[in-house]
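Read off the chains here:
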Amino acid sequence: MSKADYSRLVLRSKRARALMALPFAISIPRDPPDSIMIVKELFNDFNLSIIATVGDVVSFNVAAYWRKPDLRVIDLSTRRSTIIQHSDIDGVVYRVRNERSTLNYESFSIMRNAYASVLSGNRVTIIVDGEEDLLAIPAVLEAPGNTGILYGLYTGYLVLIPVVNEYKILMLKLLTLLDRNECETLRNCNSVNNYGWKNS
């Protein structure tokens, strides 16, 4: 792998992708709007204030049945390649290229900037050219401590990750499930080494 490749990809791991498909954290096996109402109560219980959503369907349902997410990460399609229209996109918009089953180095810095913008009072959308699934990892690692990350699984679960250090450690462990070359890329990634924990 060339030096240029190191600056482009942090993660290309089927194992990490498979683990992300497991319903860990707080998993809610309900359809909307019931799942969203349960999450709303959990946000109150955990004293969370920032809503971050990863995925088009989850982002759409949260906006429809609760309120617009403070940060949403979308690729404008679903697993079945259905195009999702988000007519309510406003605020700050970032774009990032992220190929399927990969985690782009740039996604960490964009996620950090996105949260900084949210903390300044803006609503933020990250539009992914490719696939957004694994951006749940930097979404957790870079998040301030009063954030709840929401994403959906194809098995029907809505997953809530309240941002605490234990879940940040779990995400870092996912990033260790790499081949040797991929681990070298990880060591070269300043944003991962900084963990994004300063607001926790």
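Residues numbered from 1 in each chain as written. Predicted model: local features only at pLDDT ≥ 70, side-chain atom pairs only at ≥ 80, totals over all residues. Heavy atoms only, no water.

Counted according to the given criterion, the structure contains 5 salt bridges. Among the ionic pairs, aspartate 90 bridges to lysine 68, the shortest N-O distance being 3.1 Å. One end of the pair, aspartate 90, is in the loop between β4 (71-74) and β5 (92-98); the other, lysine 68, is in the loop between α4 (56-65) and β4, and 22 residues separate them in sequence. Taking the shortest distance from any N to any O, the salt bridge between glutamate 142 and arginine 112 comes out at 3.4 Å. Residue glutamate 142 is located in the loop between α6 (136-141) and β8 (147-152), and its partner arginine 112 is located in helix α5 (residues 105-119); the two are separated by 30 residues in the primary sequence. Overall, glutamate 142 belongs to the buried group, its relative accessible area being 5%. Residue classification places arginine 112 among the partly exposed residues on the basis of a relative accessible area of 25%. Through salt bridges with shared partners, a single ionic network connects Lys68, Asp90 and Arg123. (Salt bridge = Lys/Arg side-chain N within 4 Å of Asp/Glu carboxyl O. Helix = DSSP H or I, 4+ residues; strand = E, 2+ residues; numbered from the N terminus. Buried < 20%, exposed > 50% of the residue type's maximum accessible area, 1.4 Å probe, protein only.)

For α5, spanning 15 residues, the distance from its first C-alpha to its last is 22 Å, which sits close to the expected 21 Å at 1.5 Å a residue. Looking at α5, one finds that the buried residues are Ser107, Phe108, Ile110, Met111, Ala114, Tyr115, Ser117 and Val118. N-cap assignment for α5: the residue whose side-chain oxygen lies 2.9 Å from the backbone N of glutamate 106 is asparagine 104. After α5 finishes, the residue glycine 121 shows a positive phi value of roughly 100°. (Expected span 1.5 Å × (residues − 1). Polar contact = N/O pair within 3.5 Å; in protein donor to acceptor, adjacent residues only side chain to side chain.)

According to the stated counting rule, one finds 1 aromatic pair in the structure shown. Summarising the aromatic geometry, the rings of phenylalanine 43 and tryptophan 66 are spaced 5.0 Å apart at their centres and angled 85° between planes, so their arrangement reads as edge-to-face. In this pair, phenylalanine 43 is assigned in helix α3 (residues 34-45) and tryptophan 66 in the loop between α4 and β4, connecting sequence segments 23 residues apart. The ring of tryptophan 66 is capped by arginine 67, whose NZ or CZ atom sits 5.9 Å from the centre of that ring. (Phe/Tyr/Trp six-rings, centres within 6.5 Å; stacked < 30°, edge-to-face > 60°. Lys NZ or Arg CZ within 6 Å of the ring centre and 35° of its normal.)

Turning our attention to the confidence of the model for the protein chain. Chain-level pLDDT for the protein chain is 80 on average; 72% of the residues reach the 70-or-more range. Strand β3 (residues 50-54) holds the highest mean pLDDT among the elements of the protein chain, 98, whereas helix α9 (residues 190-194) holds the lowest, 40. Ignoring residues within four places in sequence, the model shows residues 183-187, a span with pLDDT below 50, making 13 contacts including any to other chains. (pLDDT = per-residue confidence, 0-100. Contact = heavy atoms within 4.5 Å.)

Let us now look at the nonpolar core. Counting residues in each nonpolar core, the largest one holds 35 residues, and the members touching the most others are Leu71, Ile126 and Ile149. At the level of secondary structure, the elements contributing two or more residues to this core comprise β3, β4, α5, β7 (124-130), α6, β8, β9 (158-162) and α7 (165-175). At 6 residues, the largest contribution of residues to this core is made by α5. Listed in part, the 12 residues of the second largest apolar core include Phe43, Leu150, Leu158 and Leu160. (Core = buried A, V, L, I, M, F, W, Y, C linked by side-chain atoms within 4.5 Å.)

The next point concerns the sheet that holds β4. Taken in spatial order, the 7 strands make up an open sheet running β2-β9-β8-β3-β4-β7-β5, and their pairing is mixed. Unpaired on one side and paired on the other, β2 (26-28) and β5 mark the two borders of the sheet. Between one strand axis and the next, the sheet turns through 20° on average, direction left out of account. The strands that α4 touches are β3, β4, β8 and β9; relative to β3, the one it contacts most, it runs at about 145°. (Pairing = 2+ DSSP bridges. Axes fitted to C-alpha atoms, helices over the stretch in contact; angles between N-to-C directions.)

Relative to the assigned elements, leucine 153 resides in the loop between β8 and β9. C-alpha of leucine 153 to C-alpha of serine 27: the two residues are 126 residues apart in sequence and 9.4 Å apart in space.

A separate point is the side chain of serine 107. Here serine 107 shows up in helix α5. Judged by its relative accessible area of 1%, serine 107 is buried. A distance of 2.6 Å separates the side chain of serine 107 from the backbone oxygen of asparagine 104, its partner in a polar contact. Non-local contacts of serine 107, meaning those with residues more than four positions away in its chain, are made with Val96, Leu135 and Pro138.

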